[in-house]
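# Structural overview for review
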Amino acid sequence: MTDMTTTSSLAEQDQLLELVRLLREKGAHRLARKVITVMSAKGGIGKTFLAMELAWLLAAVLLDLDWDDGNASRALGHHHDRFTRVPLLDALETGKAPRPKRSSHRPDLVPCHPDFAVNQPEPEPLAKLITGWSQEWDRGVVADTHPGGSDSTLGAVGAADLIVMPVVLGTRELNALEGALKELVGYPILLVPNWIPPTPPAAERKRLRELADTYGVAVGPMISTYSWLRTRKLRTVITAAPTYSKRTLPVVRELTAVAGAVLDHAA
Ligand SMILES: Nc1ncnc2c1ncn2[C@@H]1O[C@H](COP(=O)(O)OP(=O)(O)OP(=O)(O)O)[C@@H](O)[C@H]1O
Ligand SMILES: [Mg+2]
């Protein structure tokens, strides 16, 4: 029994590693010059988690537009106080595209900085800049946004070929989603149910379906609840690991399905 389990999870691991390789290849081609913006009307529901993993899975540049320390930059081990230059702020000043920072097992990153809070451009010029950078890089961009409405989030939304919104099946979360969908009518949106318990609440599932139908937005594959995620300390993305463990296999499988949906909707 143990042997069979080990053999089948090894086979699944090989399959998933191959799938991730293929997704990155497709992402590099089909998402070049496209902008994916990850945003939500409610904080703390998985934007940063999704943005980091999707950027890796689609071989896109992760553009961090969240200046708080709970952001992707910090999660990936970038401490802003250890660097004298801030590529994002320099780029706003000079108009030249920032050079993404490369490091292993992480997506290429344009890190954010606390000063971006007061230095962010107005939505329209920022949208133009982001579009211009993705063209200059000839790469896809996954932008992670600050919770709550800000000029930079509006700018990233304006530049987006696809808006990815994690959605938690809770009453207030769905109220917030409804408000956001009203404001974003006409934008291409992919909702990604996240943090889904083993038995998803039926009424909230129905409400999500109805909201998606009413506002004509897509619902992607869901991501389950993984209690260990909250306290994970590794400063790398899960899907970039050279091998997957029994613990990470299920979340990698779900994330590859979401990345596939993003490719279909954005490309
Ligand atoms: N499916 C999930 N299961 C369990 N934990 C999750 C899940 N998705 C995200 N988390 C965890 O929840 C916490 C908040 O997630 P994350 O930082 O991605 O949210 P956020 O929407 O970016 O928050 P903020 O609005 O503050 O930027 C993190 O610790 C993350 O690892
Ligand atoms: Mg975040």
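Attention here is on the structure that accompanies the text. (Residues numbered from 1 in each chain as written. Chains lettered and ligands numbered in written order. Predicted model: local features only at pLDDT ≥ 70, side-chain atom pairs only at ≥ 80, totals over all residues. Heavy atoms only, no water.)

## Observations regarding unusual backbone geometry
Its identity is not glycine, yet A59 carries a phi of approximately 50°, on the positive side. Within the element layout of this structure, A59 appears in the loop between helix 2 (47-57) and strand 2 (61-65). Taking the relative accessible area as the measure of exposure, A59 reaches 13% and is therefore buried. (Helix = DSSP H or I, 4+ residues; strand = E, 2+ residues; numbered from the N terminus. Buried < 20%, exposed > 50% of the residue type's maximum accessible area, 1.4 Å probe, protein only.)

## A short note on the packing of aromatic side chains
Taken as a whole and judged by the stated rule, the model has 3 aromatic pairs. Judged by centre distance (6.2 Å) and plane angle (55°), the rings of W67 and F116 are tilted. In this pair, W67 is assigned in the loop between strand 2 and helix 3 (72-75) and F116 in helix 5 (residues 116-119), connecting sequence segments 49 residues apart. The cationic tip of R24 hangs over the ring face of W56; the distance from NZ or CZ to the ring centre is 3.7 Å. (Phe/Tyr/Trp six-rings, centres within 6.5 Å; stacked < 30°, edge-to-face > 60°. Lys NZ or Arg CZ within 6 Å of the ring centre and 35° of its normal.)

## Focus on the packing of helix 2 against helix 10 (residues 249-266)
In a packed pair of helices, the relevant descriptors are the angle between the two axes and the axis-to-axis distance. At a minimum axis distance of 10 Å, the contact between helix 2 and helix 10 shows a crossing angle of 75°. It follows that helix 2 is roughly perpendicular to helix 10 by the angle criterion. Seen from helix 2, the contacting residues are F49, L50, E53, L54 and L57; seen from helix 10, they are V251, L255, T256, V258, A259 and V262. Grouping the amino acids of the contact of helix 2 with helix 10 by side-chain chemistry returns 9 nonpolar, 1 polar and 1 charged. (Axes fitted to C-alpha atoms, helices over the stretch in contact; angles between N-to-C directions. Parallel < 35°, antiparallel > 145°, perpendicular 65-115°, else oblique. Contact = heavy atoms within 4.5 Å. Nonpolar A, V, L, I, M, F, W, Y, C, P; charged D, E, K, R; others polar.)

## Thoughts on the packing of helix 4 (residues 87-94) against helix 6 (residues 123-137)
Two elements in contact, helix 4 and helix 6, have axes separated by 12 Å at closest approach and are oriented at 105°. On the basis of the axis angle, helix 4 is roughly perpendicular to helix 6. Seen from helix 4, the contacting residues are L88, A91 and L92; seen from helix 6, they are L126, L129 and W133. Class assignment of the residues belonging to the contact of helix 4 with helix 6 gives a composition of 6 nonpolar, no polar and no charged.

## Description of the environment of L88
Within the secondary structure layout, L88 lies in helix 4. In this structure the C-alpha to C-alpha distance between L88 and V61, which are 27 residues apart in sequence, comes to 13 Å.

## Considerations on the environment of G77
As for its position among the elements, G77 is in the loop between helix 3 and helix 4. Given the relative accessible area of 25%, G77 is considered partly exposed. Separated by 29 residues in sequence, G77 and R106 have C-alpha atoms that sit 9.7 Å apart.

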